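Here's the letter readout for the chains.
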Amino acid sequence: LRPGLGALLRHRRQLLHRGGARRRASRCRLGLGIDYDGTHSAQTDMSVAYSLEEYAAAVVAAVGRVCDRKGVQHPVICSESGRALVSHHSVLIFEAFSATAPTSNMMDPATAYLLDELTDDCRSDYRNLMVSAVRGDFDTCGLYADQLKRHCAEQFKEGVLGLEHLAAVDGLCEIVARGMGAAEGPRRYHINLSVFTSLPDM
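Scoring rules and cut-offs
- Residues numbered from 1 in each chain as written.
- Predicted model: local features only at pLDDT ≥ 70, side-chain atom pairs only at ≥ 80, totals over all residues.
- Heavy atoms only, no water.
- UniProt positions renumbered as here; feature names shortened; annotations may be inferred.
- Phe/Tyr/Trp six-rings, centres within 6.5 Å; stacked < 30°, edge-to-face > 60°.
- Axes fitted to C-alpha atoms, helices over the stretch in contact; angles between N-to-C directions.
- Helix = DSSP H or I, 4+ residues; strand = E, 2+ residues; numbered from the N terminus.
- Parallel < 35°, antiparallel > 145°, perpendicular 65-115°, else oblique.
- Left-handed = near helix turned anticlockwise from the far one by under 90°.
- Contact = heavy atoms within 4.5 Å.
- Core = buried A, V, L, I, M, F, W, Y, C linked by side-chain atoms within 4.5 Å.
- Buried < 20%, exposed > 50% of the residue type's maximum accessible area, 1.4 Å probe, protein only.
- Expected span 1.5 Å × (residues − 1).
- Salt bridge = Lys/Arg side-chain N within 4 Å of Asp/Glu carboxyl O.

- An unreviewed UniProt entry lists the protein chain under the name Arginine decarboxylase, with Aegilops tauschii subsp. strangulata given as the organism.
- You can read under Catalytic activity (unreviewed entry) in the UniProt record for the protein chain the words "L-arginine + H(+) = agmatine + CO2".
- The UniProt entry for the protein chain carries the following text under Pathway (unreviewed entry): "Amine and polyamine biosynthesis; agmatine biosynthesis; agmatine from L-arginine: step 1/1."

Set out below in structure tokens:
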């Protein structure tokens, strides 16, 4: 909210310097945040740490201070907060056309084949991971799994590995995690989020 207030105040000062003190209205282009997940937290993009009252008070006070310093009449403040007004009153419903099956604890031949195609560095991480898994050294397993994922992601960005190799590594790490006693991951549902389908509804 603070960076946006700074921009609003700079805009208001420019209006005053340009003889805009006679204007009766001032637009507030600050996007009002939405607390989608209900946590009232600034640590996530799905929430905000302020209420509507705090938002309004901050904007009104900021504009008021600038106007008082310049000795001009306070304007009518118009807020552009359309998304915050309508987001709680609409929902898009999509049909799930498939879902992932629960992960098997056994590695399939296709995954093993893709893991054999990894680069030397990644194959070294893969071997160390499997040795640690056989020994039951779960702490070391986690370290090698993270290192393997990181190296593969870096090589994917460089174009050395393909997306199917990343999927194979993710599958391997999930099998290892299940062997370490981790809970089964959530089912993933596949839906068509085509913007051309949903845009008319929005």
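1. Regarding the packing of aromatic side chains
Then, in step 1: Counted under the stated rule, the structure contains one aromatic pair.
Then, in step 2: Look at Tyr 50 and Tyr 55: their rings are 6.1 Å apart centre to centre, the planes differ by 20 degrees, and that puts the pair in the stacked class.

2. A closer look at the packing of helix α5 (residues 120–135) against helix α6 (residues 138–157)
Helix packing for two helices is described by the angle between their axes and how far apart those axes are.
Then, in step 1: It is at 9 Å that the axes of α5 and α6 come closest, and there the two elements cross at 160 degrees. Relative to α6, the element α5 lies roughly antiparallel. Here α5 runs over α6; the crossing is left-handed. Seen from α5, the contacting residues are Asp 121, Cys 122, Asp 125, Tyr 126, Asn 128, Leu 129, Ser 132 and Ala 133; seen from α6, they are Thr 140, Cys 141, Tyr 144, Ala 145, Gln 147, Leu 148, His 151, Cys 152 and Gln 155.

3. Some points on the nonpolar core
Then, in step 1: Residues Leu 115, Leu 118, Leu 129, Leu 148, Cys 152, Val 169 and Leu 172 are the most contacted members of the largest nonpolar core, which totals 17 residues.
Then, in step 2: Among the secondary structure elements, those contributing two or more residues to this core are α4 (109–116), α5, α6 and α7 (163–179).
Then, in step 3: In terms of residue count, α7 provides more of this core than any other element does, six residues in total.
Then, in step 4: Apart from the residues within four sequence positions on either side, Leu 118 is in contact with Arg 123, Leu 148, Cys 152, Leu 161, His 165 and Val 169.
Then, in step 5: Among the nonpolar cores identified, the runner-up in size contains six residues, and Cys 28, Leu 32, Ile 34 and Tyr 55 belong to it.

4. Remarks on α7
Then, in step 1: With 17 residues, α7 extends 25 Å from end C-alpha to end C-alpha; this agrees with the ideal 24 Å at 1.5 Å per step.
Then, in step 2: Among the residues of α7, those classed as buried are His 165, Leu 166, Ala 168, Val 169, Leu 172, Cys 173, Ile 175 and Val 176.
Then, in step 3: Contacts made by the buried residues of α7 are with α4, α5 and α6.
Then, in step 4: Residue Gly 181 follows α7 closely and has a positive phi angle near 100 degrees.

5. A look at the pattern of salt bridges
Then, in step 1: Tallied over the full model, the rule gives two salt bridges.
Then, in step 2: A salt bridge links Arg 123 to Asp 120, with the nearest nitrogen and oxygen atoms 2.7 Å apart. A residue pair is termed a helical-turn pair when its members lie 3 or 4 positions apart in one helix, as Arg 123 and Asp 120 do in helix α5 at three residues.
Then, in step 3: Asp 120 gets classed as exposed once you look at its relative accessible area, which sits at 55%.
Then, in step 4: A salt bridge links Asp 170 to Lys 149; its shortest N-O distance comes to 4.0 Å. With Asp 170 in helix α7 and Lys 149 in helix α6, the pair connects residues that are 21 residues apart, well separated along the chain.
Then, in step 5: Taking the relative accessible area as the measure of exposure, Lys 149 reaches 37% and is therefore partly exposed.

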